[in-house]
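Structural features, examined
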Amino acid sequence: MASKNSLPIRGTLTVMVIVVVLAPSALLDQTAEFEAAFLKKCVDYTRDKNSCKATLAIFERAYVGKKDSAVTKDSYNELFDKTPFTHPCGKSLFWSGTYQLASRFTQKRDNFIAVGDTLLGYVLTRMTWCSKEGSKETFTTDCGDPWTVAVGSFWLKISIKFAQYACDDLHVMLDGETPQPFFPDTAFAEEEVPYFQSPRVKSLTVILVVNQKTGTKCNNESLKNLSNIMKGKNIRYACEEVTKAHIENCIKRGTKDCF
Ligand SMILES: NC(=O)c1ccc[n+]([C@@H]2O[C@H](COP(=O)([O-])OP(=O)(O)OC[C@H]3O[C@@H](n4cnc5c(N)ncnc54)[C@H](O)[C@@H]3O)[C@@H](O)[C@H]2O)c1
């Protein structure tokens, strides 16, 4: 019979055995789980399993076997070359500081498309991935803090591509309740605005989301800066205060003609 003193040792041994046996399969599971989640979302979107498998293989070539810091925006060139956007370029909606509202807004209509509504944006939203030098695996945990270079490089690249693809009359939803609605160091300011191309892009309208209309918030200094950048690019600029309640109402009712 085991004495009371021997129990902790047996417990420790059991834990060690479980860790040793489970660790390799848990790592394999991360790859399998990631691939299954990618394919499920892709097939939801395209209804084409074969093309989704091909897209997954191209996507994995961007980062698998590389250390995280070696994954750059250019690592995704092949992915974007082989998975071009197909949405109408004049329906592009940009946002900054308004993610929740803008994504709920575009989900309910087909007259505005945000990057998260494109195939790659939709599939990779809320996903995490990285690999390691020489590895064949995808890891979804312990990739980096707060996110991996592989993930960050992807979102920077898709933002640039989305902005380069945009055409005609564009809209951006900004937060009119912050001191600087057009905020430097954001993907919108750094990765999208610089890539708007005239004459491909004709105008940019800021939808300035406010709690209450004042008629003055479009005069904000940061928006004057955005207006000047557009002027320098020969792109028309407009700004409109729209209440959050109005947009919520459009989401609720599915109103197409919201602004
Ligand atoms: N998951 C996605 O869909 C996704 C991811 C990355 C980039 N993008 C693209 O980039 C744009 C959004 O990225 P972003 O970086 O501009 O927005 P964001 O809202 O993600 O902002 C990035 C950071 O800047 C801060 N910030 C944003 N606006 C601010 C303000 N006015 N004042 C103070 N802090 C502010 C936020 O709190 C956040 O920490 C979109 O137009 C989209 O096309 C989309």
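Owing to the predicted nature of the structure, the values given are computational and were not obtained by experimental measurement.

Turning our attention to the overall build of the chain. In terms of helices and strands, the chain carries 9 helices and 4 strands. Counting only residues that meet the buried cut, the chain has 42% of its 259 residues in that class. When contacts within the chain are restricted to residue pairs at least 6 apart in sequence, long-range pairs at least 24 apart make up 76% of them. Approximately 14,400 Å² of the chain is accessible, and the part contributed by carbon and sulfur atoms is 55%.

With that out of the way, let us pick up the confidence of the model for the chain. Looking at the chain as a whole, its pLDDT mean stands at 90, while 88% of the residues score no less than 70. Long-range and interchain partners of residues 1-22, a stretch whose pLDDT sits below 50, account for 1 contact in this model, where long-range means more than four residues apart.

This brings us to the pattern of salt bridges. Here the idea is simple: oppositely charged side chains can pair when their charged atoms come close. Within the structure shown, the criterion is met by 10 salt bridges. Note that Asp-169 and Arg-236 form a salt bridge whose closest N and O atoms lie 3.8 Å from each other. Of the two residues, Asp-169 sits in strand 2 (residues 168-175) while Arg-236 sits in strand 4 (residues 236-243), which places them 67 residues apart along the sequence. Overlapping salt bridges bring together Arg-61, Glu-78 and Lys-82 as one network.

What follows concerns the site of the ligand. Around the ligand, a shell composed of 15 residues is seen, among which Ser-96, Gly-97, Gln-180, Ala-187 and Glu-192 lie nearest. Ala-187 places a polar main-chain atom, nitrogen or oxygen, 2.8 Å from an oxygen atom of the ligand. Within the side chain of Glu-192, a nitrogen or oxygen atom sits 2.5 Å from an oxygen atom of the ligand. Relative to its unbound accessible surface of 830 Å², the ligand loses 70% to contact with the protein. Those elements giving two or more residues to the shell around the ligand turn out to be strand 1 (93-96), helix 6 (149-165) and helix 7 (187-192).

A few words on unusual backbone geometry. Leaving glycine out, the prevailing phi sign among residues is negative, and the prevailing peptide bond configuration is trans. Each neighbour pair has its own omega, and for Ser-198 with Pro-199 the value is 10°, a cis peptide bond. Looking at the secondary structure, you find Pro-199 in the loop between helix 7 and strand 3 (201-210). If you check the backbone angles, Arg-47 has positive phi at about 60° while not being a glycine. Looking at the secondary structure, you find Arg-47 in the loop between helix 1 (7-46) and helix 2 (49-61). Residue Arg-47 is classed as exposed on the basis of its relative accessible area of 65%. In the Ramachandran plot, Asn-234 falls in the positive-phi region, its phi being about 65° despite a non-glycine side chain.

Within strand 3, 9 of the 10 residues are buried, which leaves it mostly tucked inside the rest of the structure. Sheet analysis places strand 2 next to strand 3, joined by 8 bridges and oriented parallel. When the bridges of strand 3 are listed, Met-173 appears paired with Ile-207. In the sheet, strand 3 pairs with strand 4 via 8 bridges, with the strands oriented parallel. Pairing of Val-210 across the sheet is with Thr-243, part of strand 4.

Here we come to helix 4 (residues 99-107). Those residues of helix 4 not exposed but buried are Leu-101, Ala-102, Ser-103, Phe-105 and Thr-106. In this structure, the buried residues of helix 4 make contact with strand 1, strand 2, strand 3 and helix 9 (244-253).

Calculation rules
- Residues numbered from 1 in each chain as written.
- Predicted model: local features only at pLDDT ≥ 70, side-chain atom pairs only at ≥ 80, totals over all residues.
- Heavy atoms only, no water.
- Helix = DSSP H or I, 4+ residues; strand = E, 2+ residues; numbered from the N terminus.
- Buried < 20%, exposed > 50% of the residue type's maximum accessible area, 1.4 Å probe, protein only.
- Contact = heavy atoms within 4.5 Å.
- Areas by Shrake-Rupley, 256 points an atom, 1.4 Å probe, with all protein chains shown as cover.
- pLDDT = per-residue confidence, 0-100.
- Salt bridge = Lys/Arg side-chain N within 4 Å of Asp/Glu carboxyl O.
- Near = heavy atom within 4 Å.
- Polar contact = N/O pair within 3.5 Å; in protein donor to acceptor, adjacent residues only side chain to side chain.
- Pairing = 2+ DSSP bridges.

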